[in-house]
Amino acid sequence: MTMPHHALDIILTRPLTPTELHRATRTMPLAANHDATHLLALVPAKTTGKALNRLRRQTGGLLPIDVITTHYPDADGKILLNVAFPPATHAALQAAADSAGQPPRLFLELALHRALVRHASEEAERLDRAVQTLLAHTTAPHLLAAVGRALTRTPGATLC
């Protein structure tokens, strides 16, 4: 039986030096982005959770890791996060979860979900206000044409 491999993203707190990257790649194969602030690793493990923990153990002391995430969503469409909190933060999270009557993992998942929903709503409202301001000074066809031009000139922009 072969061990499944899990694609994991490592988000770093700062860009790596060439020496740090070289030292880390001797531990396990890693692919770095253009500015060495994100790494990608394929980690063999029975489960995604075990892969996240294995990667943190093997590279934690060598890299300035901020967050490790799964590269692909799981069967539920979720991206899994592996965050190492300082002891004080961990204690505060545990206390808040206890007072809410939830396990820390669920408490954090729900809090993150609420924050993302709130952010999406605020962003939609901000964009609506910006569009209304623009429409006060031009016509809808001109604005639409300008948006189309901007999207076709912006690297990485995708049209749905």
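Structure first, text after, so check above.
Here the structure is a predicted model, which is why all the values come from computation and not from measurement.

1. Regarding the overall build of the chain
From N to C terminus, the chain includes 5 helices and 5 strands. For the chain, the succession of helices and strands along the chain, N to C, is β-α-β-β-α-β-β-α-α-α. Against the 2.2 N^0.38 benchmark of 15 Å for 160 residues, the chain shows a C-alpha radius of gyration of 21 Å, more extended than a compact globule. A total of 160 residues make up the chain; the buried ones form 21% of that total. Counting contacts in the chain only where the partners sit at least 6 residues apart, residues at least 24 apart contribute 55% of the total. Approximately 11,200 Å² of the chain is accessible, and the part contributed by carbon and sulfur atoms is 62%.

2. Here's the deal with the side chain of Thr59
Among the structural elements, Thr59 can be located in helix α2 (residues 48–59). In this structure the side chain of Thr59 is engaged in a polar contact, spanning 2.7 Å, whose partner is the backbone oxygen of Leu55.

3. Topic: the layout of surface pockets
In this structure, the largest pocket encloses a volume near 850 Å³. Along its surface, the largest pocket is lined by 20 residues, and Leu80, Leu81, Arg105, Leu108 and Glu109 are the ones closest to its centre. Of all the secondary-structure elements, those providing two or more residues to the lining of the largest pocket are α2, β5 (81–82), α3 (87–100) and α4 (104–135). When grouped by side-chain class, the residues that make up the lining of the largest pocket number 11 nonpolar, 5 polar and 4 charged.

4. Comments concerning a nonpolar patch on the surface
On the surface, a cluster of nonpolar side chains totalling about 560 Å² of accessible area is made up of Ile79, Leu81, Val83, Phe85, Leu108, Leu112 and Leu116. Counting residues per element, the nonpolar patch draws most heavily on α4, at 3 residues. For Leu112, a relative accessible area of 38% corresponds to the partly exposed category.

5. Structural notes on the packing of α3 against α4
Two quantities define a packed helix pair, namely the angle between the helix axes and the distance between the axes. At a closest axis distance of 9 Å, the pairing of α3 and α4 adopts a crossing angle of 90°. One element, α3, and the other, α4, form an angle in the roughly perpendicular class. Of the residues in α4, those touching α3 at Leu93, Gln94, Ala96, Ala97 and Ala100 are Pro104, Phe107 and Leu108. Among the residues making up the contact of α3 with α4, the classes are represented as 7 nonpolar, 1 polar and no charged.

Parameters at a glance
Residues numbered from 1 in each chain as written. Predicted model: local features only at pLDDT ≥ 70, side-chain atom pairs only at ≥ 80, totals over all residues. Heavy atoms only, no water. Helix = DSSP H or I, 4+ residues; strand = E, 2+ residues; numbered from the N terminus. Rg over C-alpha atoms; globule rule 2.2 N^0.38 Å. Buried < 20%, exposed > 50% of the residue type's maximum accessible area, 1.4 Å probe, protein only. Contact = heavy atoms within 4.5 Å. Areas by Shrake-Rupley, 256 points an atom, 1.4 Å probe, with all protein chains shown as cover. Polar contact = N/O pair within 3.5 Å; in protein donor to acceptor, adjacent residues only side chain to side chain. 1 Å grid on protein atoms, 1.4 Å probe; cavity = no way out; pocket = protein on both sides within 12 Å on 5 of 7 lines; lining within 4 Å. Points joined across faces, edges and corners; volume = space filled by probe spheres on them. Nonpolar A, V, L, I, M, F, W, Y, C, P; charged D, E, K, R; others polar. Patch = residues over 30% accessible without salt bridge, like charges linked within 9 Å, V, L, I, M, F, W, Y side chains within 5 Å. Salt bridge = Lys/Arg side-chain N within 4 Å of Asp/Glu carboxyl O. Axes fitted to C-alpha atoms, helices over the stretch in contact; angles between N-to-C directions. Parallel < 35°, antiparallel > 145°, perpendicular 65-115°, else oblique.

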